[in-house]
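Secondary and tertiary structure notes
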Amino acid sequence: MIISSQLPRFCLAGLFLGLSLAAQGREVQGGEASADIRRTGFGVPHIRAADERGLGYGIGYAYAQDNLCLLANEVLTVNGERSKYFGPQQQTLEQRENLTSDLFFNWLNTPQAVFGFWQAQTPQVRQLIEGYVAGYNRSLAERRAQGLPEQCQGDWVRPLTALDLVKLTRRLLVEGGVGQFAEALVGATPPSATAQLKQSAQVFAQADARGQRFALDRGSNAVAVGRERSFNGRGMLLANPHFPWVGGMRFYQMHLTIPGKLDVMGAALPGLPMINIGFSQHLAWTHTVDTSKHFTLYRLQLDPKDPARYLLDGKSLPLDKQTLSVKVKGEDGQLTTVSHSVYSSQFGPLVQWPGKLDWDNRFAYSLRDANLENDRVLQQWYAMNQARSLKELQASVHQLQGIPWVNTLAVDDQGQTLYMNQSVVPNVSAEKLARCSDPRIGTRLIILDGSRGACAWDIDPAAAQQGIYPASQLPQLLRSDYVQNSNDSAWMVNPAAPLQGFSPLISQQDLPLGQRARFALNRLIGTGKAAPLSAADLKHMVMDDQVYQAGQVMPDLLQFCAADLGSDAQALAPLCASLKAWDRSANLQSGLGLVHFQNVMEQLEAVDDRWRVAFDARDPQHTPRGLAIDRPPVAKALREAMLASVQQVAESGLKADSRWGDIQVVSSGGRQTPIHGGPASLGVYNAIQSVPTADGKREVVSGTSYLQVVTFDDQGPHAQGLLAFSLSSDPASPHSRDQTEAFSKKQWSVLPFTEQQIQADPQYRLQVIHEVEDRLRKVATQ
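Residues numbered from 1 in each chain as written. Predicted model: local features only at pLDDT ≥ 70, side-chain atom pairs only at ≥ 80, totals over all residues. Heavy atoms only, no water.

1. Remarks on the packing of helix α16 (residues 569-581) against helix α17 (residues 593-604)
Geometry of a packed helix pair, given as the angle between the helix axes and the separation of the axes. The test is simple: Axis definition: a line fit to C-alpha positions, over the contact stretch in the case of helices; interaxial angles, taken between N-to-C directions, run 0 to 180 degrees. Comment: elements are numbered from the N terminus, with helices defined as DSSP H or I runs of at least four residues and strands as E runs of at least two. With respect to orientation, any angle under 35 degrees is reported as roughly parallel, any angle over 145 as roughly antiparallel, any angle of 65 to 115 as roughly perpendicular, and every other angle as oblique. We call two residues in contact whenever any of their non-hydrogen atoms come within 4.5 Å of each other. Classification used: nonpolar for Ala, Val, Leu, Ile, Met, Phe, Trp, Tyr, Cys and Pro, charged for Asp, Glu, Lys and Arg, polar for all others including Gly.
Between α16 and α17, the shortest axis-to-axis distance is 8 Å and the interhelical angle comes to 110°. The orientation of α16 relative to α17 falls into the category roughly perpendicular. For the pair α16 and α17, the contacting residues are L575, S578 and L579 in the first and G593, H596 and F597 in the second. Looking at the contact of α16 with α17 residue by residue, the classes come out as three nonpolar, three polar and no charged.

Spelled out as structure tokens, the structure:
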């Protein structure tokens, strides 16, 4: 059942309230769920149950044991209630003001949208969610009786409902689209009106920086090796997602089993009762953030008589106006209500970004996000979890089309590899793009003509959702040698079979590859005859911490240092010495040359014609390369970048003998752990993003998260892995930094998958939970 837009508001509110009460009431009146939670090394839970409700019950309970405060905070965010408890000007973990965040999530998670999503779920997915809620709430009650952790002691921590998990999922869906425009959506105001919520230039500068970091914070590497290249003729997979180390995108490691139906291990995002990246008896798969477009903007031509109306095919239409209300805590502790209006056209909500997307008397901009209508995402991942063959996995993706904004790479135990760029993409052909957009704008943002109905997304009856491309028109590649991706387009997944000829919204070709992709192809193709690859080879791709770009430009940098530097020679001598001594890696023992190299290359990004050999689409693996130090503008910029780096390093208090492990750290429980890896832009496959801190160090905020290398033999999968930031976000937990320390030492662990492996683990412990016990406890306390 889908709620009609014509349904009276009071009727919808009643349905929504009924669903909320029912979702909470099922904890007491539903079927008796039970689950076995077996913990092994690093506290990883192996959860076994007889059905989906029991499995969800175990997942929610285990997750709350490890990350109670994290999920409580994210639930507060997606319900738009941060201002109510913390005030409007405090910031979320994403550094967004609470009031802006609250208004955005009140717009995103309306009762209509949330209820419609819930109604679209299968019984199995609903049971997983309901079980999760009951398990989390049981754990919360137990922890509350003992005393909640310090970071979530407050009346804002409450039991979950099924609708909370729906809201979390909807936030995940729009991460690659309208979620990056929260400030622009909330700040959109008709030119004749006074801005209801004034957004400062700094707010938009932060939003812009956050958007630019999106691909870095949520990037990934993946390599799927087939029988032609693997050491034993079977499939091998490297999963190396780069995701935030804090907040609502922080992976959780677990193993899920329903005997005879499901047996899958891997990692999942908060609030999801299923595996996002993982492996099963015959398969292993992972995801990388894709380059496809998942939204388009529409430039509206406004009615000259009224900027609150727009022209479509010559007709004047009113903008829809939606009033949002948020409870706000004042400085005196009293609550007031802030109301705000959001405007929409038939192409989606209006967004206003000063200097980029302005709303004046002539034009305004709407944003249409394809994933707002994607209610299939949970069914999609659960179908992938249950797939018994590569063919089944591929068929589920073709049928459901529920993957929001990532590529999928997979292998099977027969040595087949599969790449799919099968995410939710607006159906706008290259021809329509040429007719409906200004070519001078380029394709970084797709802006279509909102004055013509002919510029709306095309509808293909073969697609799972109106207005998106059907699976048959999206890139995919089945190979028996290898496929790889590091957040580039589908074009060079395997250079032996270029994927070309797609709409620019899907995949573009003849563009420079990222440094990580070039590194991966270098390792996979090599310079001579392709040798068999082992699990160790895949691990070394990450753990070697090679700075790939150094091989392309270091000879030029050292040549520049060896030349006559004139009056700057003395100032640049320490920098040149550190570059010469540097091992060209981002290991813990790497010297100060890494810091200087990073600083210099970052400043040179803005220099045109800096490459000695320009990009050549016929040789994307090896171009561009070299620095054109013989060109005066490049030489001048290089000298300035070097001098700036010397000054920056001095101001940071770094010494000549400083090592990367002294500089890049992650803090937890009052202790710092050194972290290897470095910027993806430099070609460090083990991409780690860190930010400067007051003490001159760099704090890790995102990057390599869940690591997984899977091979197969006649007995099934053999997996090694790590969760780089550890299982628990609670600093008091013994599992808040144990895997982080192992990652720092490059010590991967075997991932126990079989019953024999699980029970033989030295840290094995069993906890059996029954919902009836929870019910009896509640009755006893009443």
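Additional details are given in the paragraphs that follow.
2. Some points on the confidence of the model for the protein
To keep it simple, the criterion reads: The predictor rates its confidence in each residue with pLDDT, a number between 0 and 100.
This prediction gives the protein a mean pLDDT of 93; 92% of its residues lie at or above 70. Long-range and interchain partners of residues 1-10, a stretch whose pLDDT sits below 50, account for seven contacts in this model, where long-range means more than four residues apart. In this model residues 21-30 is a low-confidence stretch, pLDDT under 50, and it forms 15 contacts with partners more than four residues away in sequence or in other chains.

3. Digging into the environment of D609
Here is the rule: Here the term buried applies to any residue with accessible area under 20% of the maximum for its type, exposed to any over 50%, and partly exposed to those in between, with areas from a 1.4 Å probe on protein chains only.
Along the chain, the position of D609 falls in the loop between α17 and β21 (611-613). Its relative accessible area of 60% is what places D609 among the exposed residues. Through-space distance from the C-alpha of D609 to that of L627 is 8.9 Å; in sequence the pair is 18 residues apart. Ignoring anything within four residues of it in the chain, the contact list for D609 reads A628, R631 and V634.

4. Topic: the state of the cysteines
Spelled out, the test is: In plain terms, two cysteine sulfur atoms within 2.5 Å form what is called a disulfide here.
The final tally for this structure, using the stated rule, is three disulfides. At a sulfur-sulfur separation of 2.1 Å, the disulfide partner of C69 is C152. Note on the C69 and C152 pair: the S-S dihedral is about -50°, so by sign convention the disulfide is left-handed. Of this pair, C69 sits in helix α2 (residues 52-78) while C152 sits in the loop between α6 (123-146) and α7 (162-173); the two residues are 83 residues apart in sequence, bridging distant segments of the chain. Note on accessibility: C69 and C152 belong to one class, buried. At a sulfur-sulfur separation of 2.1 Å, the disulfide partner of C436 is C455. Across the S-S bond of C436 and C455 the torsion is about -85°, and the bridge reads as left-handed. Highlighted residues: C436 in helix α12 (residues 430-436) and C455 in the loop between β18 (447-449) and β19 (476-479), separated in sequence by 19 residues. Comparing C436 with C455 shows no difference in burial state: the two are buried.

5. As for helix α14 (residues 535-543)
Along α14, the residues classified as buried are A535, L538, K539, M541, V542 and M543. In this structure, the buried residues of α14 make contact with β3 (220-225), β4 (236-244), α13 (515-525), β27 (706-713), β28 (716-723) and α20 (738-744). Immediately beyond the C-terminal end of α14, within one or two residues, lies D545, with a positive phi of roughly 55°.

6. Considerations on the pairing of strand β15 (residues 363-369)
Condition: We treat two strands as partners when DSSP finds at least two bridges between them.
When you tally the buried positions in β15, you get six out of seven residues, the bulk of the element. Here strand β9 (residues 295-303) runs beside β15; their pairing, made up of seven bridges, is antiparallel. For L300, the partnering residue across the bridge sits in β15 and is A364. Relative to β15, strand β14 (residues 348-351) is paired through two bridges, and the arrangement is antiparallel. When the bridges of β15 are listed, V351 appears paired with Y365.

7. Comments concerning the side chain of N485
Put simply, the rule reads: Each polar contact in these results corresponds to two N or O atoms within 3.5 Å; when the atoms are within protein, one needs to be able to donate a hydrogen and the other to accept it, and residues that are neighboring in sequence are counted only if both atoms are side-chain atoms.
If you trace the backbone, N485 turns up in strand β20 (residues 482-485). A distance of 2.7 Å separates a polar atom in the side chain of N485 from a polar atom in the side chain of T288.

8. A few points about the side chain of D761
How we decide: In this tally, Asp and Glu contribute negative charge and Lys and Arg positive charge; neither His nor the terminal groups of the chain are included. A pairing counts as a salt bridge when a side-chain nitrogen of Lys or Arg comes within 4 Å of a carboxyl oxygen of Asp or Glu.
Relative to the assigned elements, D761 resides in the loop between α21 (755-760) and β30 (765-770). One buried charged residue, D761, forms no salt bridge at all, with the nearest opposite charge on R765 at 7.7 Å. D761 has contacts with T40, G41 and P752, leaving out every residue within four places of it along the chain.

9. With respect to the pattern of salt bridges
Pairing between side chains of opposite charge can happen when their charged atoms approach one another. All told, the structure shown has 26 salt bridges when counted by the stated rule. In this structure, R138 engages E142 in a salt bridge whose closest nitrogen and oxygen atoms are separated by 3.0 Å. You can see R138 and its partner E142 sitting in helix α6, four residues apart, about one turn around the helix. The shortest N-O distance in the salt bridge between R523 and D544 comes to 3.0 Å.

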